[in-house]
Amino acid sequence: MNKLGLYVHIPFCLSKCPYCDFYSVKYDEDTAKRYIKAVQANILGYSGVKFDTVYFGGGTPILLWREICGLLGSIGDMIDPDAEISLEANPCVTSAEAAAALLSCGVNRISLGLQSMNDTELIALGRRHNAKQGAKAVEICHNAGFSDISADIMIGTPCQTRESLRHTLSAVTKLPATHISAYMLKIEPDTPFAKRELSLPSEDGYADMYLDTVEELKANGFTQYEISNFALKGHECRHNLKYWQCEEYIGVGPAAHSFYGGKRYAVKRDIGEFMDNVPQRTYITDDCPAGFDERVMLGLRLSEGIDLYALCDRFGIERKMADERLSKIPPALYSFDGNRLRLTPEGFLVSNAVIGIMTDIKKEDIWIRSY
Amino acid sequence: MSDNEYLSKIRNFCIIAHIDHGKSTLADRILELTETVEKREMEEQLLDDMELERERGITIKARAVRLKYHADDGEDYIFNLIDTPGHVDFNYEVSRSLNACEGAVLVVDASQGIEAQTLANTYLAIDQDLEVIPVINKIDLPSAHPDEVKEEIENVIGIPAEDAPLISAKMGINIKAVLEDVVNKIPPPSADPSAPLKALIFDSYYDPYKGVIVHVRIKEGTLKVGDTIKMMATGAQFTVTELGYMGAMQLITADRLLAGEVGYIAASIKSIGDTKVGDTVTLADRPAAEPLAGYRSVNPMVFSGIYPADGAKYADLREALEKLQLNDASLSFEPETSIALGFGFRCGFLGLLHMEIIQERLEREYNLDLVTTAPSVVYKITKTDGTVCYIDNPTNYPDPSEIEVAEEPMVKANIYSPSDYVGSIMELCQQRRGIFKDMTYLDRTRVELHYDLPLNEIVYDFFDSLKSRTKGYASYDYEISGFVPSKLVKLDILLNGEIVDALSFIVHADSAYPRARKIAEKLKDNIPRQLFEVPVQAAVGGKIIARETVKAMRKDVLAKCYGGDITRKKKLLEKQKEGKKRMRKLGSVEVPQEAFMAVLKLDE
């Protein structure tokens with residue numbers, strides 16, 4: 001049977017963080033209950049599938065821990081016994097009661113949005129918790145018995161310096177976390193941050209902070225397995241790996257994306273429309289996905305990289321052409337052993353440009369040369 | 001009405017004015033007053049029908065229009081009004097228009113007085129024996145001092161201005177007085193409608209349905225539909241399919257054009273090369289003995305390479321240039337090849353504004369993306385073997401060891417300004433290697449400065465600098481005075497160690513170092529970071545005299561996961577690739593078009 005990933009979007013938050021552009025609405029219990037019912041009906045509608053990873057993302061899924069426990073009970077047959085079941089949590093609403101309940105109904109991985117271990121930075125980010133509460137939340141999950149805990153932090157946020165980031169990294173690595181995600185802040189259009197004048201690091205500042213992060217985490221046993229993801233051995237997030245390895249997954253909820261049945265599709269960012277329509281209405285975003293470009297784009301995000309020649313052969317691209325493209329990339333940015341092409345941390349930092357070169361099928365200046 | 005009576009009611013005139021003195025506004029008022037254009041169709045700057053003209057508020061192309069005017073003497077008159085450009089670069093357009101007129105209305109701003117360009121164009125008109133009627137505009141402004149301006153007109157130009165109408169074109173004050181002056185002071189054309197045909201082509205353009213449309217002033221004879229015409233310079237013959245007058249909004253067909261009239265001819269002319277502006281049209285079966293004097297051909301003074309951003313558009317660019325040339329005879333071009341930019345054209349312009357206008361017209365009217373190289377002037381080189389050559393492309397500049405004497409073109413520049421700014425103007429001219437000749441006071445507050453300046457120094461941004469130093473009050477005009485020996489060097493720009501031929505230019509040895517530094521800096525700022533470090537160097541004769549470095553790109557990454565939204569990531573990358581396509585690849589370096597433009601504009 002086809003093993004799939006399941007992404008469930010939980011679009012509820014107590015308040016909206018000013019940098020966030022994920023879809024969410026203000027939490028209220030009645031809507032939440034109705035919402036989970038719609039999610040449940042949608043999932044049950046897929047027959048003959050088995051999920052080996054489940055991911056509750058948001059929003060703030062832990063707000064709905066009771067409802068999620070109920071949901072997991074009703075879809076239990078569709079979930080592989082060895083499945084990884086992750087849930088995103090916000091430190092200020094992470095209680096021992098919720099953690100214990102979630103663990104007992106199958107959730108085995110918690111991803112905590114700590115963002116920083118510096119109180120000033122947390123205020124600048126509009127977060128509701130402080131550093132102490134962040135650390136406490138990790139302890140709570142650990143004490144409840146979770147053996148997979150991810151601590152998410154951000155690089156390049158307002159007020160952050162190289163020194164304060166080092167402090168955050170050293171504090172986070174001392175916690176009982178097994179996985180760390182470190183995302184560089186990107187100012188998304190139409191968020192409050194996009195309208196504010198923020199003092200953010202320069203290009204070089206971002207790069208230095210990122211390289212510090214890679215180095216510091218490595219020194220503490222966290223191996224980098226993706227541009228922004230680091231884990232102790234055996235604690236990589238299997239669900240997120242599916243995205244990058246071009247495997248299929250089903251997304252449920254407004255703004256959720258799916259790759260299923262050979263197509264990529266999405267659900268509108270509208271919770272009302274979602275709850276009123278089972279099955280959820282979707283629109284195709286890509287009806288011919290997982291081609292060469294996409295596999296290069298996704299694969300190069302991973303430390304394991306891509307099997308370049310195998311990909312060339314599979315998609316009918318001359319190996320010579322790949323070699324020629326590779327020659328345009330400075331050697332410090334990648335390694336290639338004739339088999340796997342991997343980016344170095346410096347390479348990850350400019351991966352857009354590298355991917356641009358590796359997927360550029362047209363030969364430039366053909367016209368000038370052949371005229 | 002007899003032909004002679006008919007002709008006695010015709011007045012052919014143009015309007016001469018400095019930029020911003022209200023010429024196009026006066027033309028608008030005249031159109032309204034003569035009810036040539038219905039009120040509902042009236043819009044500002046009506047005769048400036050080029051989008052670019054409206055946007056910049058200037059006239060680039062001369063436009064002719066036929067009007068009917070019912071004068072105070074009870075008679076109806078026919079006016080052929082020709083709207084002409086004011087800027088120094090378009091002098092050529094003006095002199096062509098003047099040729100089709102018997103008179104000129106000279107518009108002078110009541111607060112600013114006479115400016116350089118007014119004077120230059122007025123002299124052109126006087127040289128061609130035109131009756132010049134002065135008009136003082138903008139009398140509604142608080143700063144207007146019409147009496148002093150009248151005095152200035154009499155002193156500087158030497159024409160009576162005592163009775164000059166005081167008007168406000170903007171407010172519509174006293175416009176009728178101008179029209180009465182046109183009737184009473186400008187003579188009707190004196191010509192013989194029965195003589196062999198002589199018609200002067202003063203403009204032409206391409207119409208997709210009718211072929212080439214030529215604008216003519218009939219000097220002698222009569223032209224009718226069905227006549228077989230002959231172009232006296234090219235010998236080409238055509239049958240007239242349509243002729244008539246230029247209305248404000250459209251062409252008005254007629255049966256014949258008489259000596260003294262201004263009109264258009266369509267004759268299914270397909271080839272642009274067959275109709276030269278300045279040529280004389282005559283009848284094939286009854287040709288004139290000799291052609292009219294025509295126009296002094298203008299020599300372009302500023303040159304630059306124009307290349308299609310997309311190499312495949314080379315043929316489109318050629319076609320666009322050919323069509324533009326028909327409409328603007330002062331544009332010249334020939335094919336050239338650049339190692340950096342591929343195939344393109346070396347184009348000759350009358351000045352920097354002309355160059356900008358042509359570039360914009362090509363981009364807008366013909367939808368082309370262009371890369372333009374730094375403007376250059378023509379240098380006269382005497383080689384050690386005694387041969388003399390003229391170099392208009394820095395790429396062809398000989399090796400210093402082969403040069404006996406290098407000469408550069410000089411201009412005589414007249415600068416008009418309020419006397420407060422003399423110090424600042426002198427400083428500017430000195431920086432530009434100007435040689436001071438003399439200075440005269442036009443009145444108590446205004447001066448005229450004479451300088452000899454190298455053309456090379458004014459093609460870049462002299463006009464802009466002059467304007468900014470004088471709060472916009474100074475104006476200038478120049479004429480080419482010849483070549484003088486000069487210490488010239490070729491400055492090469494290297495990106496990543498390779499010379500970019502399209503960025504090379506000739507400069508005076510003394511300015512080489514500061515300019516090299518400025519260009520290197522500008523390029524550094526305009527070239528985006530690439531995956532590797534890019535050295536930007538400037539060199540003279542192989543010796544590096546300036547260096548900057550575009551640091552290697554360090555961050556260009558989509559860090560976020562977007563909850564499995566892979567399509568969004570893909571789109572972001574595709575968008576990024578689109579942006580790259582608009583850049584020029586020079587060796588291994590991607591250079592955006594703005595970088596080429598930035599080098600052209602080296603402000604203070």
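For the structure, see preceding data.
Residues numbered from 1 in each chain as written. Chains lettered and ligands numbered in written order. Predicted model: local features only at pLDDT ≥ 70, side-chain atom pairs only at ≥ 80, totals over all residues. Heavy atoms only, no water.

### Points about the overall build of chain A
Broken down by element type, chain A carries 16 helices and 17 strands. Out of the 371 residues in chain A, the part that is buried amounts to 57%. Across chain A, the fraction of contacts at a sequence separation of at least 24, relative to all contacts at a separation of at least 6, is 70%. Put simply, chain A shows about 15,300 Å² of open surface, and 51% of that area lies on carbon and sulfur atoms. (Helix = DSSP H or I, 4+ residues; strand = E, 2+ residues; numbered from the N terminus. Buried < 20%, exposed > 50% of the residue type's maximum accessible area, 1.4 Å probe, protein only. Contact = heavy atoms within 4.5 Å. Areas by Shrake-Rupley, 256 points an atom, 1.4 Å probe, with all protein chains shown as cover.)

### Section: empty space enclosed by the protein
Scanning the entire structure with this criterion turns up five cavities of 30 Å³ or more. Taken as a whole, the second largest cavity encloses approximately 40 Å³ of empty space. Grouping the constituent residues of the lining of the second largest cavity by class yields seven nonpolar, two polar and no charged. (1 Å grid on protein atoms, 1.4 Å probe; cavity = no way out; pocket = protein on both sides within 12 Å on 5 of 7 lines; lining within 4 Å. Points joined across faces, edges and corners; volume = space filled by probe spheres on them. Nonpolar A, V, L, I, M, F, W, Y, C, P; charged D, E, K, R; others polar.)

### Points about the sheet that holds strand β10 (residues 237-239) of chain B
Residues and elements named next belong to chain B. Strand order in the open sheet formed by eight strands is β10-β9-β15-β6-β7-β14-β11-β12, and the pairing between neighbours is antiparallel. Unpaired on one side and paired on the other, β10 and β12 (251-254) mark the two borders of the sheet. This sheet shows a mean twist of 40° between the axes of neighbouring strands, independent of strand direction. Inspection of the sheet shows strand β9 (residues 228-231) paired to β10 by three bridges, in the antiparallel sense. Bridged to I229 within β10 is F238. Seen against the sheet, helix α8 (residues 314-327) touches β6 (198-207) and β7 (211-220) and runs at an angle of roughly 145° to β6. (Pairing = 2+ DSSP bridges. Axes fitted to C-alpha atoms, helices over the stretch in contact; angles between N-to-C directions.)

### Things to note about the pairing of strand β24 (residues 446-454) of chain B
All names here are of chain B. Taken across its nine residues, β24 has eight buried, putting it largely inside the fold. Judged from the nine bridges that link them, strand β22 (residues 403-418) and β24 form a sheet pairing that is antiparallel. Bridging across to β24, V411 finds its partner in L453. Relative to β24, strand β23 (residues 435-441) runs antiparallel, the two sharing six bridges. Across the sheet, residue D438 finds its bridge partner in β24, namely H450.

### A few points about the interface of chain A and chain B
Tallying the contact residues gives 47 residues for chain A and 34 residues for chain B. Taken together, both faces of the contact between chain A and chain B bury some 3,900 Å²; the carbon and sulfur share is 60%. Summed over the shared surface of chain A and chain B, the number is nine salt bridges. Across the salt bridge formed by K570 of chain B and D286 of chain A, the nearest N and O atoms sit 2.9 Å from each other. Counting the contacts that link chain A with chain B gives 18 residue pairs in polar contact (both at pLDDT 80 or more). The set of elements that each furnish at least two residues to the side of chain A that touches chain B consists of β8 (179-184), α8 (203-219), α9 (238-244), β14 (282-286), α11 (292-299), α14 (345-349), α15 (351-358) and α16 (366-370) of chain A. Classifying every residue of the side of chain A that touches chain B gives 24 nonpolar, eight polar and 15 charged. (Buried area = accessible area lost by both parts, 1.4 Å probe. Salt bridge = Lys/Arg side-chain N within 4 Å of Asp/Glu carboxyl O. Polar contact = N/O pair within 3.5 Å; in protein donor to acceptor, adjacent residues only side chain to side chain.)

### Here's the deal with unusual backbone geometry
Cis rather than trans, the peptide bond between G58 of chain A and G59 of chain A has omega equal to 15°. Along the chain, G59 of chain A turns up in the loop between β4 (50-58) and α2 (65-74). Between V278 of chain A and the following residue, P279 of chain A, the backbone shows a cis peptide bond with an omega angle of 0°. Assignment of secondary structure puts P279 of chain A in the loop between α10 (271-276) and β14. A positive phi angle, near 65°, is found at K138 of chain B, a position not held by glycine. As for its placement among the helices and strands, K138 of chain B is situated in the loop between β5 (131-137) and α6 (146-157). Its identity is not glycine, yet N367 of chain B carries a phi of approximately 55°, on the positive side. Mapping N367 of chain B onto the fold places it in the loop between α9 (352-365) and β19 (370-372).

### Remarks on the side chain of E457 of chain B
All names here are of chain B. Relative to the elements of secondary structure, E457 occurs in helix α11 (residues 455-458). By relative accessible area, which is 3% here, E457 ends up buried. Discounting chain neighbours no more than four positions away, the residues touching E457 are R432, R433, F462, S511 and R515.

### As for the pairing of strand β1 (residues 10-17) of chain B
All names here are of chain B. Summarising burial for β1: eight of the eight residues are buried, a large majority. Residues I10, N12, C14 and I16 of β1 are buried on one face, and the alternating residues R11, F13, I15 and A17, pointing to the opposite face, are buried as well. Note: β1 against strand β4 (residues 103-109), five bridges, orientation parallel. Paired with C14 across the two strands is A104, which belongs to β4.

### What to know about the environment of I213 of chain B
Examined against the element boundaries, I213 of chain B turns out to sit in strand β7. Along the primary structure I213 of chain B and K270 of chain B are separated by 57 residues, whereas in three dimensions their C-alpha atoms are 9.9 Å apart.

### A closer look at the sheet that holds strand β17 (residues 340-343) of chain A
All names here are of chain A. With antiparallel pairing, the three strands of this open sheet are ordered in space as β15-β17-β16. Each of the sheet's edge strands pairs with one partner strand only, and the pair in question is β15 (306-307) and β16 (334-336). Sheet topology note: the β16/β17 ladder contains three bridges and is antiparallel. Counterpart to F336 in the pairing with β17 is L341.

### Quick notes on α6 of chain B
Residue and element names in this part refer to chain B. An ideal rise of 1.5 Å per residue puts 16 Å on 12 residues; α6 measures up with 16 Å between its terminal C-alpha atoms. Within the span of α6, buried status applies to P146, V149, K150, E152, I153, V156 and I157. On an axial view of α6, the arc spanned by its buried residues comes to 160°, and they lie on one face. Exposed residues pointing more than 90 degrees away from the buried face of α6 are listed as D147 and N155. Of the surrounding secondary structure, the elements contacted by the buried residues of α6 are β4, α5 (116-127), β5 and β24. With its phi angle positive at about 80°, G158 sits one or two positions after the end of α6. (Expected span 1.5 Å × (residues − 1). Arc of directions from axis to C-beta.)

Such coordinate-based values are descriptive only and should not be taken to indicate function.
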